[in-house]
Amino acid sequence: MAGLPEKARVVVIGAGIVGNSMAWHLARLGWRDIVLLEKGTLPSPGGSTGHASNFIYLTDHSKEMTAFTVESVRQYKELGVIIEPGGIEVARTPERMQELTRRITSSKSWGIDGVELISKERVKELVPFINDDIILGGFYTPGVAVVDSLEAGTLMRRKAQELGALTVAAGVEVTGLDVENGHIKRVRTDQGDIEAETVVIACGVWSPRIARMAGASIPLTPAVHQMIDIGPIPIFEHTTSEVSFPIVRDVDTNMYERQHGTGFEIGSYAHRAILMEADDIPSIEASALSPTMLPFTQEDFDPQLEDALELFPDLVGDEKAGVKLAINGLLSLTPDGNPIIGETPEVKGLWSAAAIWIKEAPGVAKTVAEWMTNGEPEIDPHGSDIARFYDHHKTKQHIDARTSEGFNKTYGIVHPMEQWASIRGVRLSPFYEREKELGA
Ligand SMILES: Cc1cc2nc3c(=O)[nH]c(=O)nc-3n(C[C@H](O)[C@H](O)[C@H](O)COP(=O)(O)OP(=O)(O)OC[C@H]3O[C@@H](n4cnc5c(N)ncnc54)[C@H](O)[C@@H]3O)c2cc1C
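What you see is a predicted model, and the numbers here were worked out from it, not measured in a lab.

Asker: I would appreciate a short explanation of the site of the ligand in the present structure.
Answerer: Around the ligand sit 40 residues in total, of which Gly 14, Gly 16, Gly 47, Gly 204 and Gly 329 are the nearest. Classifying every residue of the shell around the ligand gives 20 nonpolar, 16 polar and four charged.

This is the structure:
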(Lines give C-alpha, C1' and ligand atoms only; values in the text may rest on other atoms or scores of the structure.)
Protein backbone atom coordinates (compact mmCIF):
# COMPACT_ATOMS: atom_id res chain seq x y z
CA MET A 1 0.00 0.00 0.00
CA ALA A 2 1.26 3.48 -0.83
CA GLY A 3 1.68 6.07 1.86
CA LEU A 4 2.23 4.23 5.15
CA PRO A 5 2.96 6.99 7.66
CA GLU A 6 6.57 7.05 8.92
CA LYS A 7 5.43 7.82 12.46
CA ALA A 8 2.39 7.13 14.58
CA ARG A 9 1.24 7.93 18.10
CA VAL A 10 0.03 4.34 18.38
CA VAL A 11 -0.02 1.35 16.05
CA VAL A 12 -2.76 -1.25 16.52
CA ILE A 13 -1.91 -4.55 14.82
CA GLY A 14 -4.86 -6.68 13.66
CA ALA A 15 -8.30 -5.60 12.43
CA GLY A 16 -10.51 -8.28 13.91
CA ILE A 17 -13.22 -7.28 16.36
CA VAL A 18 -10.55 -6.51 18.99
CA GLY A 19 -8.27 -4.29 16.86
CA ASN A 20 -11.23 -2.35 15.46
CA SER A 21 -12.63 -1.83 18.97
CA MET A 22 -9.19 -0.71 20.20
CA ALA A 23 -8.83 1.83 17.37
CA TRP A 24 -12.27 3.28 18.12
CA HIS A 25 -11.85 3.54 21.89
CA LEU A 26 -8.40 5.11 21.64
CA ALA A 27 -9.82 7.67 19.18
CA ARG A 28 -12.80 8.32 21.46
CA LEU A 29 -10.45 8.99 24.36
CA GLY A 30 -8.53 11.59 22.39
CA TRP A 31 -5.68 9.65 20.79
CA ARG A 32 -4.68 10.84 17.31
CA ASP A 33 -2.28 9.50 14.65
CA ILE A 34 -3.55 5.99 15.24
CA VAL A 35 -2.53 3.46 12.57
CA LEU A 36 -4.41 0.18 12.25
CA LEU A 37 -2.42 -2.48 10.39
CA GLU A 38 -4.03 -5.60 8.96
CA LYS A 39 -2.39 -8.18 6.71
CA GLY A 40 -5.68 -9.39 5.20
CA THR A 41 -8.34 -7.57 3.26
CA LEU A 42 -11.24 -5.81 4.96
CA PRO A 43 -13.92 -6.22 6.15
CA SER A 44 -13.19 -9.94 6.73
CA PRO A 45 -9.42 -10.31 6.82
CA GLY A 46 -9.19 -14.02 7.62
CA GLY A 47 -9.00 -14.07 11.41
CA SER A 48 -11.36 -15.71 13.90
CA THR A 49 -13.88 -12.85 13.76
CA GLY A 50 -14.83 -13.80 10.20
CA HIS A 51 -16.23 -17.22 11.07
CA ALA A 52 -17.60 -16.82 14.60
CA SER A 53 -21.12 -17.87 15.47
CA ASN A 54 -21.38 -14.37 16.97
CA PHE A 55 -23.62 -15.15 19.91
CA ILE A 56 -23.33 -13.65 23.37
CA TYR A 57 -24.36 -15.31 26.61
CA LEU A 58 -24.30 -12.72 29.35
CA THR A 59 -23.61 -14.58 32.57
CA ASP A 60 -20.21 -15.76 33.71
CA HIS A 61 -19.42 -16.76 37.28
CA SER A 62 -16.60 -14.18 37.04
CA LYS A 63 -17.80 -10.67 37.84
CA GLU A 64 -15.05 -9.23 35.64
CA MET A 65 -15.98 -11.28 32.56
CA THR A 66 -19.67 -10.51 33.01
CA ALA A 67 -18.88 -6.79 33.27
CA PHE A 68 -16.88 -6.91 30.02
CA THR A 69 -19.78 -8.68 28.30
CA VAL A 70 -22.51 -6.37 29.60
CA GLU A 71 -20.49 -3.35 28.47
CA SER A 72 -19.93 -4.96 25.06
CA VAL A 73 -23.65 -5.57 24.59
CA ARG A 74 -24.29 -1.91 25.44
CA GLN A 75 -21.87 -0.89 22.69
CA TYR A 76 -23.21 -3.37 20.12
CA LYS A 77 -26.68 -1.93 20.81
CA GLU A 78 -25.36 1.59 20.29
CA LEU A 79 -23.94 0.47 16.93
CA GLY A 80 -27.24 -1.18 15.98
CA VAL A 81 -25.68 -4.53 15.10
CA ILE A 82 -27.41 -6.79 17.61
CA ILE A 83 -30.51 -8.93 17.93
CA GLU A 84 -31.66 -10.63 21.12
CA PRO A 85 -33.31 -13.99 20.45
CA GLY A 86 -32.57 -15.15 24.01
CA GLY A 87 -30.75 -18.29 25.01
CA ILE A 88 -31.29 -21.44 27.04
CA GLU A 89 -28.70 -23.61 28.74
CA VAL A 90 -30.42 -26.97 28.99
CA ALA A 91 -29.74 -29.58 31.66
CA ARG A 92 -29.56 -33.29 30.96
CA THR A 93 -28.59 -34.18 34.57
CA PRO A 94 -29.61 -33.26 38.13
CA GLU A 95 -26.05 -32.00 38.75
CA ARG A 96 -26.49 -29.55 35.91
CA MET A 97 -29.86 -28.38 37.23
CA GLN A 98 -28.03 -27.60 40.47
CA GLU A 99 -25.34 -25.71 38.54
CA LEU A 100 -28.03 -23.72 36.74
CA THR A 101 -29.29 -22.47 40.11
CA ARG A 102 -25.74 -21.18 40.72
CA ARG A 103 -25.87 -19.40 37.39
CA ILE A 104 -29.06 -17.70 38.50
CA THR A 105 -27.16 -16.54 41.60
CA SER A 106 -24.23 -15.19 39.57
CA SER A 107 -26.62 -13.46 37.16
CA LYS A 108 -28.48 -11.73 39.97
CA SER A 109 -25.22 -10.79 41.70
CA TRP A 110 -23.77 -9.21 38.56
CA GLY A 111 -27.00 -7.46 37.52
CA ILE A 112 -28.28 -9.64 34.66
CA ASP A 113 -32.04 -9.21 34.66
CA GLY A 114 -34.84 -11.48 33.56
CA VAL A 115 -33.04 -14.80 33.99
CA GLU A 116 -35.11 -17.77 35.13
CA LEU A 117 -34.98 -21.50 35.63
CA ILE A 118 -37.58 -22.99 33.33
CA SER A 119 -39.25 -26.38 33.05
CA LYS A 120 -38.61 -28.64 30.12
CA GLU A 121 -42.15 -27.94 28.92
CA ARG A 122 -41.30 -24.23 28.75
CA VAL A 123 -38.06 -25.05 26.90
CA LYS A 124 -40.16 -26.93 24.37
CA GLU A 125 -42.50 -23.95 23.96
CA LEU A 126 -39.54 -21.68 23.18
CA VAL A 127 -37.65 -24.22 21.03
CA PRO A 128 -40.37 -26.45 19.51
CA PHE A 129 -37.89 -28.66 17.63
CA ILE A 130 -35.97 -29.78 20.75
CA ASN A 131 -36.30 -33.32 22.14
CA ASP A 132 -37.51 -32.55 25.65
CA ASP A 133 -37.52 -36.24 26.65
CA ILE A 134 -33.82 -36.06 27.46
CA ILE A 135 -33.70 -32.78 29.37
CA LEU A 136 -34.79 -31.78 32.86
CA GLY A 137 -35.13 -28.05 32.38
CA GLY A 138 -33.13 -24.98 31.46
CA PHE A 139 -31.66 -21.63 32.41
CA TYR A 140 -33.25 -18.96 30.25
CA THR A 141 -31.65 -15.57 29.58
CA PRO A 142 -33.85 -13.34 27.40
CA GLY A 143 -30.91 -10.99 26.73
CA VAL A 144 -28.72 -13.58 24.98
CA ALA A 145 -27.78 -11.91 21.72
CA VAL A 146 -26.34 -12.38 18.25
CA VAL A 147 -24.23 -9.63 16.72
CA ASP A 148 -22.75 -8.75 13.36
CA SER A 149 -19.12 -8.51 14.46
CA LEU A 150 -17.74 -7.61 11.03
CA GLU A 151 -20.22 -4.75 10.64
CA ALA A 152 -19.42 -3.61 14.19
CA GLY A 153 -15.72 -3.46 13.25
CA THR A 154 -16.45 -1.51 10.07
CA LEU A 155 -18.57 1.02 11.99
CA MET A 156 -15.93 1.47 14.68
CA ARG A 157 -13.18 2.10 12.12
CA ARG A 158 -15.44 4.58 10.36
CA LYS A 159 -16.19 6.47 13.57
CA ALA A 160 -12.48 6.76 14.37
CA GLN A 161 -11.77 7.92 10.82
CA GLU A 162 -14.53 10.53 11.06
CA LEU A 163 -12.71 11.99 14.07
CA GLY A 164 -9.62 12.31 11.88
CA ALA A 165 -7.84 9.98 14.29
CA LEU A 166 -7.24 6.81 12.30
CA THR A 167 -5.32 5.59 9.28
CA VAL A 168 -6.31 2.09 8.21
CA ALA A 169 -3.75 0.07 6.26
CA ALA A 170 -5.00 -3.31 5.07
CA GLY A 171 -2.86 -5.75 3.12
CA VAL A 172 0.17 -4.80 5.25
CA GLU A 173 1.93 -7.52 7.21
CA VAL A 174 3.92 -6.77 10.35
CA THR A 175 7.28 -8.52 10.08
CA GLY A 176 9.18 -7.18 13.09
CA LEU A 177 9.09 -5.02 16.21
CA ASP A 178 12.12 -2.99 17.29
CA VAL A 179 12.81 -2.37 20.97
CA GLU A 180 15.28 0.16 22.33
CA ASN A 181 16.24 0.37 26.01
CA GLY A 182 13.30 -1.85 26.93
CA HIS A 183 10.80 0.38 25.10
CA ILE A 184 8.96 -0.33 21.85
CA LYS A 185 10.37 1.88 19.12
CA ARG A 186 9.33 0.76 15.66
CA VAL A 187 6.96 -1.53 13.76
CA ARG A 188 8.45 -3.19 10.72
CA THR A 189 6.14 -4.20 7.88
CA ASP A 190 6.48 -5.71 4.43
CA GLN A 191 5.80 -2.19 3.11
CA GLY A 192 7.97 0.03 5.29
CA ASP A 193 8.58 0.88 8.93
CA ILE A 194 6.56 3.01 11.34
CA GLU A 195 8.11 4.69 14.39
CA ALA A 196 5.80 4.36 17.37
CA GLU A 197 6.22 4.51 21.14
CA THR A 198 2.98 2.63 21.74
CA VAL A 199 1.88 -0.55 19.98
CA VAL A 200 -1.13 -2.77 20.64
CA ILE A 201 -1.06 -6.42 19.62
CA ALA A 202 -4.63 -7.37 18.71
CA CYS A 203 -3.72 -10.35 16.56
CA GLY A 204 -5.89 -13.07 18.07
CA VAL A 205 -4.29 -16.48 17.55
CA TRP A 206 -1.20 -14.87 15.98
CA SER A 207 -0.49 -12.74 19.07
CA PRO A 208 2.29 -14.94 20.57
CA ARG A 209 4.18 -14.76 17.28
CA ILE A 210 3.96 -10.95 17.13
CA ALA A 211 4.93 -10.58 20.82
CA ARG A 212 8.00 -12.76 20.25
CA MET A 213 9.19 -10.29 17.60
CA ALA A 214 9.77 -7.87 20.50
CA GLY A 215 11.07 -10.47 22.96
CA ALA A 216 7.76 -10.46 24.88
CA SER A 217 5.36 -13.28 25.69
CA ILE A 218 1.60 -13.59 25.23
CA PRO A 219 0.99 -17.07 26.63
CA LEU A 220 -1.91 -18.34 24.57
CA THR A 221 -2.23 -21.13 22.06
CA PRO A 222 -4.29 -21.33 18.89
CA ALA A 223 -6.77 -24.19 19.29
CA VAL A 224 -9.45 -25.82 17.17
CA HIS A 225 -13.14 -25.37 17.91
CA GLN A 226 -15.25 -27.38 15.50
CA MET A 227 -18.42 -25.98 14.03
CA ILE A 228 -20.74 -27.14 11.28
CA ASP A 229 -23.64 -25.46 9.56
CA ILE A 230 -26.39 -27.66 8.16
CA GLY A 231 -29.38 -26.81 6.01
CA PRO A 232 -31.57 -25.71 4.45
CA ILE A 233 -33.83 -27.03 7.20
CA PRO A 234 -37.42 -27.40 5.88
CA ILE A 235 -39.06 -26.29 9.16
CA PHE A 236 -37.10 -23.00 9.04
CA GLU A 237 -38.28 -22.22 5.52
CA HIS A 238 -40.87 -19.74 6.74
CA THR A 239 -38.84 -18.06 9.47
CA THR A 240 -38.76 -14.39 8.65
CA SER A 241 -35.75 -13.16 10.63
CA GLU A 242 -32.10 -14.19 10.75
CA VAL A 243 -32.49 -15.66 14.26
CA SER A 244 -36.03 -16.50 15.39
CA PHE A 245 -35.40 -19.06 18.12
CA PRO A 246 -33.36 -18.95 21.32
CA ILE A 247 -29.80 -20.22 21.08
CA VAL A 248 -29.39 -23.52 22.89
CA ARG A 249 -26.34 -24.51 24.86
CA ASP A 250 -26.35 -28.26 25.45
CA VAL A 251 -23.86 -27.75 28.24
CA ASP A 252 -23.72 -31.37 29.44
CA THR A 253 -22.32 -32.39 26.07
CA ASN A 254 -20.18 -29.23 25.70
CA MET A 255 -22.06 -28.09 22.61
CA TYR A 256 -24.25 -25.32 21.26
CA GLU A 257 -26.85 -25.18 18.54
CA ARG A 258 -28.50 -22.22 16.90
CA GLN A 259 -30.84 -21.48 14.01
CA HIS A 260 -29.83 -18.80 11.57
CA GLY A 261 -32.00 -18.21 8.53
CA THR A 262 -32.74 -21.65 7.11
CA GLY A 263 -29.52 -23.08 8.55
CA PHE A 264 -28.59 -24.64 11.88
CA GLU A 265 -25.13 -24.20 13.42
CA ILE A 266 -23.69 -26.86 15.71
CA GLY A 267 -20.52 -26.06 17.65
CA SER A 268 -18.51 -28.31 19.92
CA TYR A 269 -16.03 -28.00 22.77
CA ALA A 270 -16.27 -31.74 23.39
CA HIS A 271 -13.65 -33.05 20.99
CA ARG A 272 -10.01 -33.70 21.95
CA ALA A 273 -7.94 -30.56 22.45
CA ILE A 274 -6.35 -29.82 19.08
CA LEU A 275 -3.64 -27.20 19.63
CA MET A 276 -1.31 -25.63 17.15
CA GLU A 277 1.53 -23.12 17.02
CA ALA A 278 0.95 -19.53 15.89
CA ASP A 279 3.92 -19.94 13.50
CA ASP A 280 2.19 -22.89 11.81
CA ILE A 281 -1.07 -21.11 10.92
CA PRO A 282 -1.21 -21.14 7.12
CA SER A 283 -0.88 -17.94 5.14
CA ILE A 284 -3.89 -16.36 3.45
CA GLU A 285 -2.62 -17.57 0.05
CA ALA A 286 -2.17 -21.16 1.27
CA SER A 287 -5.63 -21.37 2.85
CA ALA A 288 -8.59 -22.95 1.08
CA LEU A 289 -11.10 -20.86 3.11
CA SER A 290 -9.15 -18.63 5.51
CA PRO A 291 -6.10 -19.06 7.78
CA THR A 292 -8.33 -19.71 10.79
CA MET A 293 -10.71 -22.13 9.03
CA LEU A 294 -8.71 -25.35 8.89
CA PRO A 295 -9.87 -28.52 7.14
CA PHE A 296 -12.57 -30.33 9.11
CA THR A 297 -11.60 -33.55 10.88
CA GLN A 298 -14.85 -35.49 10.71
CA GLU A 299 -13.75 -38.26 13.09
CA ASP A 300 -13.42 -35.71 15.92
CA PHE A 301 -16.97 -34.49 15.36
CA ASP A 302 -18.81 -37.80 14.86
CA PRO A 303 -19.61 -38.43 18.57
CA GLN A 304 -20.86 -34.84 18.90
CA LEU A 305 -23.10 -35.25 15.90
CA GLU A 306 -24.72 -38.14 17.77
CA ASP A 307 -25.37 -35.84 20.75
CA ALA A 308 -26.84 -33.18 18.48
CA LEU A 309 -29.02 -35.79 16.78
CA GLU A 310 -30.32 -36.90 20.16
CA LEU A 311 -31.33 -33.35 21.14
CA PHE A 312 -32.59 -32.24 17.72
CA PRO A 313 -33.64 -35.45 15.89
CA ASP A 314 -36.02 -33.72 13.46
CA LEU A 315 -33.37 -31.27 12.27
CA VAL A 316 -30.09 -33.14 12.43
CA GLY A 317 -31.75 -36.35 11.28
CA ASP A 318 -33.39 -34.72 8.26
CA GLU A 319 -31.69 -36.28 5.26
CA LYS A 320 -32.58 -33.30 3.09
CA ALA A 321 -30.41 -31.01 5.26
CA GLY A 322 -26.88 -31.08 3.89
CA VAL A 323 -23.68 -29.82 5.50
CA LYS A 324 -23.17 -26.28 4.18
CA LEU A 325 -19.94 -25.59 6.08
CA ALA A 326 -17.77 -27.68 8.39
CA ILE A 327 -14.63 -26.16 9.88
CA ASN A 328 -11.90 -26.68 12.40
CA GLY A 329 -12.07 -23.00 13.43
CA LEU A 330 -9.19 -21.47 15.35
CA LEU A 331 -9.58 -19.52 18.57
CA SER A 332 -7.24 -18.57 21.41
CA LEU A 333 -6.93 -20.59 24.61
CA THR A 334 -5.03 -19.37 27.68
CA PRO A 335 -3.74 -21.38 30.66
CA ASP A 336 -6.50 -20.08 32.97
CA GLY A 337 -9.16 -19.31 30.37
CA ASN A 338 -9.07 -15.53 30.82
CA PRO A 339 -8.06 -12.87 28.27
CA ILE A 340 -4.52 -11.46 28.20
CA ILE A 341 -4.53 -7.68 28.37
CA GLY A 342 -2.25 -4.91 29.53
CA GLU A 343 1.28 -3.62 28.94
CA THR A 344 3.71 -6.49 28.47
CA PRO A 345 6.06 -6.80 31.46
CA GLU A 346 9.02 -7.29 29.09
CA VAL A 347 8.59 -4.22 26.82
CA LYS A 348 7.34 -0.78 27.83
CA GLY A 349 4.78 0.68 25.45
CA LEU A 350 3.88 -2.73 24.00
CA TRP A 351 0.31 -3.73 24.93
CA SER A 352 -1.57 -6.98 24.56
CA ALA A 353 -5.28 -7.21 23.69
CA ALA A 354 -5.52 -10.94 23.07
CA ALA A 355 -7.58 -14.06 23.83
CA ILE A 356 -10.76 -12.01 23.71
CA TRP A 357 -14.09 -13.30 22.41
CA ILE A 358 -16.63 -11.36 20.40
CA LYS A 359 -18.95 -11.36 23.41
CA GLU A 360 -16.52 -9.25 25.41
CA ALA A 361 -14.37 -7.50 22.78
CA PRO A 362 -15.75 -3.91 22.79
CA GLY A 363 -15.88 -3.91 26.61
CA VAL A 364 -12.34 -5.21 26.95
CA ALA A 365 -11.06 -2.76 24.33
CA LYS A 366 -12.68 0.14 26.19
CA THR A 367 -10.93 -1.10 29.33
CA VAL A 368 -7.51 -1.39 27.68
CA ALA A 369 -7.89 2.04 26.06
CA GLU A 370 -8.78 3.61 29.43
CA TRP A 371 -5.82 1.82 31.02
CA MET A 372 -3.51 3.19 28.30
CA THR A 373 -4.95 6.69 28.66
CA ASN A 374 -5.49 7.16 32.40
CA GLY A 375 -3.63 4.24 33.93
CA GLU A 376 -6.88 3.11 35.54
CA PRO A 377 -9.80 1.49 33.75
CA GLU A 378 -13.39 1.59 34.98
CA ILE A 379 -13.77 -2.22 35.03
CA ASP A 380 -11.16 -3.90 37.24
CA PRO A 381 -9.18 -6.13 34.83
CA HIS A 382 -6.98 -7.94 37.33
CA GLY A 383 -8.10 -11.46 36.29
CA SER A 384 -7.06 -10.70 32.70
CA ASP A 385 -3.86 -8.77 33.44
CA ILE A 386 -0.93 -10.07 31.40
CA ALA A 387 1.28 -9.50 34.47
CA ARG A 388 -0.41 -12.43 36.27
CA PHE A 389 1.84 -14.92 34.50
CA TYR A 390 5.13 -16.01 36.06
CA ASP A 391 7.92 -17.33 33.84
CA HIS A 392 6.94 -20.97 34.36
CA HIS A 393 3.42 -20.13 33.12
CA LYS A 394 4.84 -18.95 29.81
CA THR A 395 6.41 -22.25 28.75
CA LYS A 396 4.87 -24.26 25.92
CA GLN A 397 4.63 -27.24 28.29
CA HIS A 398 2.53 -25.26 30.78
CA ILE A 399 0.34 -23.56 28.15
CA ASP A 400 -0.37 -26.83 26.33
CA ALA A 401 -1.10 -28.78 29.53
CA ARG A 402 -3.51 -26.25 31.04
CA THR A 403 -5.32 -25.38 27.82
CA SER A 404 -5.76 -29.08 27.00
CA GLU A 405 -7.23 -29.63 30.44
CA GLY A 406 -9.42 -26.53 30.30
CA PHE A 407 -10.83 -26.97 26.79
CA ASN A 408 -13.41 -29.63 27.69
CA LYS A 409 -14.45 -27.56 30.70
CA THR A 410 -15.64 -24.70 28.50
CA TYR A 411 -19.20 -25.45 29.62
CA GLY A 412 -18.09 -27.51 32.61
CA ILE A 413 -19.36 -27.43 36.17
CA VAL A 414 -16.28 -25.93 37.78
CA HIS A 415 -15.96 -25.18 41.47
CA PRO A 416 -14.56 -21.67 42.09
CA MET A 417 -11.61 -23.13 44.02
CA GLU A 418 -11.11 -26.14 41.75
CA GLN A 419 -7.43 -27.05 41.37
CA TRP A 420 -5.80 -27.92 38.06
CA ALA A 421 -4.79 -31.55 37.70
CA SER A 422 -2.10 -31.09 35.04
CA ILE A 423 1.51 -29.97 35.29
CA ARG A 424 1.74 -30.05 39.08
CA GLY A 425 4.90 -30.06 41.17
CA VAL A 426 6.69 -27.39 39.13
CA ARG A 427 7.38 -25.08 42.09
CA LEU A 428 7.42 -26.67 45.55
CA SER A 429 7.63 -25.12 48.98
CA PRO A 430 10.55 -26.22 51.20
CA PHE A 431 7.99 -28.05 53.34
CA TYR A 432 6.53 -30.08 50.46
CA GLU A 433 8.36 -33.40 51.05
CA ARG A 434 7.75 -33.26 54.78
CA GLU A 435 4.05 -32.47 54.28
CA LYS A 436 3.79 -35.40 51.87
CA GLU A 437 5.41 -37.73 54.41
CA LEU A 438 2.85 -36.58 56.95
CA GLY A 439 0.04 -37.25 54.47
CA ALA A 440 -1.01 -33.62 54.43
C1 LIG B 1 -15.92 -21.60 15.09
C2 LIG B 1 -15.85 -20.45 16.06
C3 LIG B 1 -17.02 -19.87 16.54
C4 LIG B 1 -16.95 -18.83 17.45
N5 LIG B 1 -18.12 -18.29 17.91
C6 LIG B 1 -18.08 -17.30 18.83
C7 LIG B 1 -19.28 -16.78 19.36
O8 LIG B 1 -20.38 -17.22 19.02
N9 LIG B 1 -19.20 -15.78 20.28
C10 LIG B 1 -17.99 -15.27 20.71
O11 LIG B 1 -17.99 -14.39 21.55
N12 LIG B 1 -16.82 -15.74 20.19
C13 LIG B 1 -16.83 -16.75 19.28
N14 LIG B 1 -15.66 -17.26 18.79
C15 LIG B 1 -14.39 -16.66 19.22
C16 LIG B 1 -14.10 -15.40 18.41
O17 LIG B 1 -14.22 -15.70 17.03
C18 LIG B 1 -12.68 -14.86 18.67
O19 LIG B 1 -12.40 -14.90 20.04
C20 LIG B 1 -12.55 -13.43 18.16
O21 LIG B 1 -13.01 -13.31 16.84
C22 LIG B 1 -11.10 -12.94 18.24
O23 LIG B 1 -11.02 -11.64 17.70
P24 LIG B 1 -9.62 -10.95 17.45
O25 LIG B 1 -9.87 -9.61 16.89
O26 LIG B 1 -8.79 -11.07 18.69
O27 LIG B 1 -8.86 -11.90 16.41
P28 LIG B 1 -9.00 -12.02 14.82
O29 LIG B 1 -10.37 -11.83 14.36
O30 LIG B 1 -8.33 -13.32 14.49
O31 LIG B 1 -8.14 -10.82 14.29
C32 LIG B 1 -6.73 -10.80 14.35
C33 LIG B 1 -6.21 -10.13 13.09
O34 LIG B 1 -4.80 -9.96 13.17
C35 LIG B 1 -4.31 -10.00 11.85
N36 LIG B 1 -2.87 -10.27 11.87
C37 LIG B 1 -2.25 -11.36 12.38
N38 LIG B 1 -0.91 -11.28 12.18
C39 LIG B 1 -0.68 -10.10 11.55
C40 LIG B 1 0.50 -9.46 11.07
N41 LIG B 1 1.71 -10.03 11.19
N42 LIG B 1 0.38 -8.25 10.45
C43 LIG B 1 -0.86 -7.66 10.31
N44 LIG B 1 -2.01 -8.24 10.73
C45 LIG B 1 -1.92 -9.45 11.35
C46 LIG B 1 -5.09 -11.17 11.24
O47 LIG B 1 -5.07 -11.16 9.83
C48 LIG B 1 -6.47 -10.98 11.84
O49 LIG B 1 -7.35 -10.29 10.99
C50 LIG B 1 -15.69 -18.33 17.89
C51 LIG B 1 -14.52 -18.92 17.42
C52 LIG B 1 -14.58 -19.97 16.52
C53 LIG B 1 -13.31 -20.60 16.05
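Asker: Teacher, can you tell me more about the environment of Ala 353 here?
Answerer: Inspection of the secondary structure assignment puts Ala 353 in strand S22 (residues 350–354). Overall, the presence of 32 C-beta atoms within 10 Å leaves Ala 353 in the buried class. For the pair Ala 353 and Glu 180, spaced 173 residues apart in the sequence, the C-alpha separation amounts to 22 Å. Not counting chain neighbours up to four residues away, the residues in contact with Ala 353 comprise Val 18, Met 22, Val 200, Ile 201, Ala 202, Ile 341, Val 364, Ala 365 and Val 368.

Asker: How should the environment of Thr 403 be read in this particular structure?
Answerer: Tracing the sequence through the fold places Thr 403 in helix H10 (residues 396–407). A residue is classified by how many C-beta atoms lie within 10 Å of it, and Thr 403, with 23 of them, is buried. In sequence terms Thr 403 and Pro 222 are 181 residues apart; their C-alpha atoms lie 9.9 Å from each other. Sequence-distant contacts of Thr 403, that is, excluding residues within four places in its chain, are made with Thr 221, Ala 223, Ala 273, Leu 275, Leu 333, Thr 334 and Pro 335.

Asker: I would appreciate a short explanation of helix H2 (residues 63–79) in the present structure.
Answerer: Three or four residues apart is the spacing at which side chains of an α-helix point the same way, because the helix has 3.6 residues per turn. Over its 17 residues, H2 runs 24 Å from end to end, which matches the ideal 24 Å to within 8%, given 1.5 Å per residue. When we look at burial in H2, the residues that qualify are Glu 64, Met 65, Thr 66, Ala 67, Phe 68, Thr 69, Ser 72, Val 73, Gln 75 and Tyr 76. Where H2 is buried, its residues touch strand S4 (55–56), strand S5 (82–83), strand S9 (145–147), helix H5 (149–162) and helix H9 (361–374). Gly 80 occupies a position one or two residues after H2 and carries a positive phi of about 75°.

Rules used throughout
Residues numbered from 1 in each chain as written. Predicted model: local features only at pLDDT ≥ 70, side-chain atom pairs only at ≥ 80, totals over all residues. Near = placed C-beta within 6 Å. Nonpolar A, V, L, I, M, F, W, Y, C, P; charged D, E, K, R; others polar. Helix = DSSP H or I, 4+ residues; strand = E, 2+ residues; numbered from the N terminus. Buried ≥ 20, exposed ≤ 12 C-beta atoms within 10 Å, placed from the backbone. Contact = placed C-beta atoms within 7 Å. Expected span 1.5 Å × (residues − 1).

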